[in-house]
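# Residue-level structure breakdown
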Amino acid sequence: VYSGALVGPDLLASEIKSKPPVCWIHGEQDEVVPFGLMAMAEPVLKNYVTLETHARPGLGHSIDMEGLLIGEKFLQKVFA
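Thresholds, definitions, all that
Residues numbered from 1 in each chain as written. Predicted model: local features only at pLDDT ≥ 70, side-chain atom pairs only at ≥ 80, totals over all residues. Heavy atoms only, no water. Buried < 20%, exposed > 50% of the residue type's maximum accessible area, 1.4 Å probe, protein only. Helix = DSSP H or I, 4+ residues; strand = E, 2+ residues; numbered from the N terminus. Pairing = 2+ DSSP bridges. Right-handed = clockwise from strand over helix to strand, strands pointing away. Expected span 1.5 Å × (residues − 1). Arc of directions from axis to C-beta. Contact = heavy atoms within 4.5 Å.

## Describing the pairing of strand E1 (residues 22-27)
- Burial of E1 is extensive: six of the six residues sit out of reach of the surface.
- Here E1 shows a buried face lined by Val22, Trp24 and His26 and a second buried face lined by Cys23, Ile25 and Gly27.
- Inspection of the sheet shows E1 paired to strand E2 (residues 51-56) by six bridges, in the parallel sense. Paired with Cys23 across the two strands is Glu52, which belongs to E2.
- In this view, the connection linking E1 to its parallel neighbour E2 by way of helix H2 (residues 36-45) has right-handed handedness.

Put into structure tokens, the structure is as follows:
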């Protein structure tokens, strides 16, 4: 997940179909999708999936090179 939001957290228990590991990367200065939405989603998602979160200081609604590298390492770990 890059700069995302968990929509309908109350529906997750009844609608979840699979439980893949999740990597969530979010810019702390995101002006489109507020950074705080990651913190709100974290305790809910941890009930259902393996979750790792990464805050990107100073980053707005974008993906920086560090975020790409985090995503790459996560995919390598998951698909190894």
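## A closer look at helix H3 (residues 65-78)
- If you check H3, its first and last C-alpha atoms are 20 Å apart, about what 14 residues at 1.5 Å a residue would give, namely 20 Å.
- Among the residues of H3, Gly67, Ile70, Gly71 and Phe74 are the ones counted as buried. Summarising the axial view, the buried residues of H3 lie within an arc of 95°, below the 170-degree limit, and thus occupy one face. Along H3, exposed side chains directed more than 90 degrees from the buried face belong to Met65 and Lys73.
- Buried residues along H3 sit in contact with E1 and E2.

## Remarks on the environment of Gly27
- Tracing the backbone through its elements, the reader meets Gly27 in strand E1.
- Here Gly27 falls in the buried class, since its relative accessible area comes to 0%.
- Note: C-alpha distance between Gly27 and His61 (34 residues apart in sequence) is 6.4 Å.
- Those residues within four positions of Gly27 in sequence are excluded, and the remaining contacts are Ser3, Phe35, Arg56, Leu59 and Gly60.

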